[in-house]
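Working through the structure, step by step
Given next are the chains, with one letter for each unit.
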Amino acid sequence: MFYGAVAWDPWLIVAQIVCLQCLYYLSLGVFLSILVGPRVSKMSLVYFFDFATVTASTAVGWCVMASIFLSSVAGAGFLVYLVERAKKCLDFSATLFIIHLFICFCYGGWPSSVTWWVVNITSLAVMALLGEYLCMRRELREIPIGRYRSNV
């Protein structure tokens, strides 16, 4: 795709945001199931959206934090395939975490835990920077044209 030739398409942007958000929560659910699931009696949305579960004082809290970090690394991989542009990675990462903040606010109130803010801002930075790095590597790959040359 030639990036400059495409007109601004708001429906594409909304679809990319929705897909990225869904994939992020899917990966967060997988990591929470693996890391937190064996340590609690019942999994619930509390581990996704309640800021009180993101704490450094319990083993479950550390597992929740690790799940958020691992999901942000997976989110960087999703950015490579959904967004495809290094200069858009910060925008999409910030949008994802702003939507996550809004959902957390609706679920359990304004996050008053410093740990929650540190974990999510660090995860935003990891997702944006790693996504930019991976997208730049993909954008800068050589285009293989050797097999299409005619032997003259």
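Residues numbered from 1 in each chain as written. Predicted model: local features only at pLDDT ≥ 70, side-chain atom pairs only at ≥ 80, totals over all residues. Heavy atoms only, no water.

- As recorded in an unreviewed UniProt entry, the protein goes by Protein SYS1 and comes from Sesamum alatum.
- According to UniProt, the comment filed for the protein under the heading Sequence similarities (unreviewed entry) is "Belongs to the SYS1 family."
- Turning to the protein, the UniProt record has this under Subcellular location (unreviewed entry): "Golgi apparatus membrane". (UniProt positions renumbered as here; feature names shortened; annotations may be inferred.)

**Overview of the overall build of the protein**
- Helix and strand counts for the protein come out as five helices and zero strands.
- In the protein, the succession of α and β elements from N to C terminus is α-α-α-α-α.
- Taking 15 Å as the expected radius of gyration for a compact globule of 152 residues, we find that the protein reaches 19 Å, considerably beyond that expectation.
- Projected onto its principal axes, the C-alpha positions of the protein cover 70 × 30 × 25 Å.
- With 152 residues in all, the protein has 34% of them scored as buried.
- In the protein, of all internal contacts separated by at least 6 residues, the share reaching a separation of at least 24 is 75%.
- Total accessible area computed for the protein in this model is approximately 9,500 Å², and 69% of it derives from carbon and sulfur atoms.
- In the protein, 10 side chains carry a positive charge and 7 a negative one; their mean positions are 8 Å apart. (Helix = DSSP H or I, 4+ residues; strand = E, 2+ residues; numbered from the N terminus. Rg over C-alpha atoms; globule rule 2.2 N^0.38 Å. Buried < 20%, exposed > 50% of the residue type's maximum accessible area, 1.4 Å probe, protein only. Contact = heavy atoms within 4.5 Å. Areas by Shrake-Rupley, 256 points an atom, 1.4 Å probe, with all protein chains shown as cover. Lys, Arg positive; Asp, Glu negative; His and termini not counted. Charge placed at Lys NZ, Arg CZ, Asp CG, Glu CD.)

**Focus: the side chain of glutamine 16**
- For glutamine 16, the position within the fold is in helix α1 (residues 10-35).
- Glutamine 16 gets classed as buried once you look at its relative accessible area, which sits at 12%.
- Here leucine 82 takes part through its backbone oxygen, which lies 2.8 Å from a polar atom of the side chain of glutamine 16.
- Apart from the residues within four sequence positions on either side, glutamine 16 is in contact with Leu82, Val83 and Phe92. (Polar contact = N/O pair within 3.5 Å; in protein donor to acceptor, adjacent residues only side chain to side chain.)

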